[in-house]
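So the chains spell out like this:
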Amino acid sequence: MSQELTTLIEPRSEEGFVETKHIRDITNRAMAFIKSGFPLHFRGVSGTGKTTLAMHLAAKIGRPVVLIHGDEEFSTSDLVGGEYGYRVKKVVDNFIHSVLKTEEDMTRRWVDNRLTVACKYGFTLIYDEFNRSRPEANNILLSVLQEKMMDLPVAREGDDYLKVDPDFTTIFTSNPEEYAGTHKTQDALRDRMITLDLDHFDRDSEVGITSSKAQMTKKNAEKIVDVVRGFRETGEYEFAPTIRACIMIAKVVKTRKASISARDEIFQQICLDILTSETSRIGIRQDQGNAKKIIVSLIEKHCNTNGFLVRTKSDKKKVPVSTAKAA
Ligand SMILES: Nc1ncnc2c1ncn2[C@@H]1O[C@H](COP(=O)(O)OP(=O)(O)OP(=O)(O)O)[C@@H](O)[C@H]1O
Ligand SMILES: [Mg+2]
């Protein structure tokens, strides 16, 4: 008899999940593909909300979630199962996290891994960044997705194959193939899933997410988002700044009690630190010089509130930062 040891995740959207028209639209399109019985694949650059959306969809589906992160070291047995020595057995039930029975033994026996468990019980499988695993490790998915059958190795006593439960659903995410540490997906696998290409969020969603994650007013979040989006539009970087930059700036601003104003040097410094480093792989000062100038001018454009005029060099001398902050 095979054993199971799989951590199930409660199907729940992440805390502070924001649903704007843009996000609802993606969710509805994705849900229609899932309801039509197709594996779904969110593809996009870093920070486009793939993992968060996958969890949100899983919450809508409502079945327990099995989460796998793609890994260079993965082999098929990491997905399907293998023979292990020491085992603590948990009997998995539909009740999340509840363990009905545990027992320990020292004999080598077959242990089902996450993919097998998800197929058997009809759980939702989120295979995050699946193209970080080597393509041959993912070959097992070809028959699972197409024939709804999983070939089982001889070592696992019992049937030669497992019939996939009709409730089994798959959501894949991946970064573009040119990203470091990713593999090219085999055509046959890519052809079995419906891919939704995600781009950076729209302004409304970025404001909503920044405000929700940093617990900041929308008005303040807007200023940060406009600086980040303005920088994104310039193309003066190696990697486009993402929503993560907005969230980071907002959180650090709160920690440092800085004001979101062109007059606040701390705020400027936070923006410069986060935006120049997030968008380049190697911190070459020369290259960052231009980016810094752009960021400072964007801050002056978008964060020049409270009736302050754009700060010029001469007015910088006249108005100490502390005064500006108090004003
Ligand atoms: N709808 C949303 N509501 C609230 N926060 C969100 C939402 N979508 C994304 N986020 C936040 O934005 C950030 C990036 O999202 P996420 O991690 O899902 O991106 P990703 O595309 O999976 O990135 P990567 O490719 O780097 O893994 C996270 O901090 C996440 O919490
Ligand atoms: Mg992710």
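Note that the coordinates shown come from a computational prediction; the quantities given were computed from them, not determined experimentally.

As a further point, take the overall build of the protein chain. Summing up its helical and strand segments, the protein chain has 13 helices and twelve strands in all. Residues counted as buried form 37% of the 327 residues belonging to the protein chain. Sequence separation of at least 24 residues holds for 77% of the intrachain contacts in the protein chain that already meet a minimum separation of 6.

Once that is clear, we can look at the environment of Phe267. Mapping Phe267 onto the fold places it in helix α10 (residues 265-278). For Phe267, a count of 25 C-beta atoms within 10 Å corresponds to the buried category. When the C-alpha atoms of Phe267 and Ile249 are compared, they prove to be 8.5 Å apart, with 18 residues separating the residues in sequence. Excluding its chain neighbours within four sequence positions, the residues that come into contact with Phe267 are Val253, Ala258, Ser259, Ile260 and Ser261.

Now for the site of ligand 1. Close contacts around ligand 1 come from 21 residues, with Ser46, Gly49, Lys50, Thr51 and Thr52 the closest. Mapped by element, the contributors of at least two residues to the shell around ligand 1 are α2 (50-61), α7 (203-214) and α9 (243-255). Grouping the constituent residues of the shell around ligand 1 by class yields six nonpolar, eleven polar and four charged. Taken together, domain 1 (3-198) and domain 2 (203-326) each give at least three residues to the shell around ligand 1, which thus spans both.

This part covers helix α4 (residues 114-121). With six of its eight residues buried, α4 lies for the most part within the structure. Where α4 is concerned, the buried positions are Arg114, Leu115, Thr116, Val117, Ala118 and Cys119. Two residues or fewer after α4 comes Gly122, characterised by a positive phi angle close to 70°.

Moving on to α9. The end-to-end C-alpha distance of α9, which contains 13 residues, comes to 19 Å, matching closely the 18 Å that a straight helix rising 1.5 Å per residue would cover. For α9, the set of buried residues is Ile243, Ala245, Cys246, Ile247, Met248, Ile249, Ala250 and Val253. The inward-facing, buried residues of α9 contact α7, α8 (218-234) and α10. At the C-terminal side of α9, Lys257 shows a positive phi close to 50°.

Let's shift gears to unusual backbone geometry. A positive phi is found at Gln215, a non-glycine position, where the angle reads about 50°. Topologically, Gln215 is positioned in the loop between α7 and α8. A residue is classified by how many C-beta atoms lie within 10 Å of it, and Gln215, with 11 of them, is exposed.

So, on to the packing of α7 against α9. Relative to each other, α7 and α9 sit at 40°, their axes nearing to 9 Å. Comparing the axis directions of α7 and α9 gives the class oblique. Here α7 runs over α9; the crossing is right-handed. Contact with α7, carried on its side by Glu206, Ile209, Thr210, Lys213 and Ala214, involves Ile243, Cys246, Ile247, Ala250, Lys251 and Lys254 of α9 and no other residues of that element.

Right, let's get into the environment of Pro166. Relative to the helices and strands, Pro166 is located in the loop between β10 (161-163) and β11 (169-174). Given 9 C-beta atoms within 10 Å, Pro166 falls into the exposed group. Considered as a pair, Pro166 and Tyr121 are 45 residues apart in the sequence and their alpha carbons are 9.0 Å apart.

This part is about the packing of helix α1 (residues 21-35) against α2. Between α1 and α2, whose axes approach to 11 Å, the crossing angle comes to 55°. As the angle between them shows, α1 and α2 are arranged oblique. Helix-helix and strand crossings are classified by hand; for α1 and α2 the assignment is right-handed. Contact with α1, carried on its side by Ile26, Thr27, Ala30, Met31 and Ile34, involves Leu53, His56, Leu57, Lys60 and Ile61 of α2 and no other residues of that element. Of the residues contributing to the contact of α1 with α2, the split by class is seven nonpolar, two polar and one charged.

A few words on the confidence of the model for the protein chain. Residues of the protein chain with pLDDT of at least 70 account for 80%, and the chain-wide mean is 84. Note on residues 307-327: pLDDT under 50 across the span, and 19 contacts to partners over four residues away in sequence or across chains.

It is worth spelling out the sheet that holds strand β2 (residues 40-44) at this point. Ordered in space as β3-β8-β11-β2-β12, the five strands form an open sheet in which the pairing is parallel. The open sheet has two edge strands with one neighbour each: β3 (65-69) and β12 (194-198). Averaged over neighbouring strand pairs, the angle between their axes works out to 15° when direction is ignored. Sheet analysis places β2 next to β12, joined by five bridges and oriented parallel. Note on β12: the bridge partner recorded for Phe42 is Leu196. Sheet contacts for α4: β3 and β8 (124-128); angle to β3, the most-contacted strand, approximately 155°.

Scoring rules and cut-offs
Counting restarts for each chain: residues are numbered from 1 in the order of the written sequence. Labels are handed out in written order, letters beginning with A for the chains and numbers beginning with 1 for the ligands. Selection of residues for local features in this predicted model requires a pLDDT of at least 70, selection of side-chain atom pairs for listing and counting requires 80 or more, and totals for whole chains, interfaces and linings are taken over all residues. Helix numbers and strand numbers start at the N terminus; a helix is a DSSP run of H or I with at least 4 residues, a strand a run of E with at least 2. In this scheme the burial state of a residue depends on its C-beta neighbours within 10 Å: 20 or more other such atoms mean buried, 12 or fewer mean exposed, and anything in between means partly exposed; the C-beta positions come from the backbone. Any pair of residues counts as being in contact when their C-beta atoms, constructed from backbone geometry, are within 7 Å of one another. Residues are counted as near a molecule or strand when the C-beta atom, derived from backbone positions, lies within 6 Å of that molecule or strand. Gly counts as polar in this scheme, as do all residues outside two lists: the nonpolar Ala, Val, Leu, Ile, Met, Phe, Trp, Tyr, Cys and Pro, and the charged Asp, Glu, Lys and Arg. Each domain span listed reflects an automatic or database assignment of domains. By this rule, a helix spans an expected 1.5 Å times one less than how many residues it contains. For helices, the fitted line uses only the C-alpha atoms of the stretch in contact; every axis is such a line through C-alpha atoms, and the angle between N-to-C directions lies from 0 to 180 degrees. In what follows, roughly perpendicular refers to angles from 65 to 115 degrees, roughly parallel to angles under 35, roughly antiparallel to angles over 145, and oblique to any angle outside these ranges. Crossing handedness is read from the near helix: turned anticlockwise from the far helix by less than a right angle, it gives a left-handed crossing, and turned clockwise, a right-handed one. pLDDT expresses, on a scale from 0 to 100, how confident the predictor is about each individual residue. When DSSP finds at least two bridges between two strands, those strands are taken to pair.

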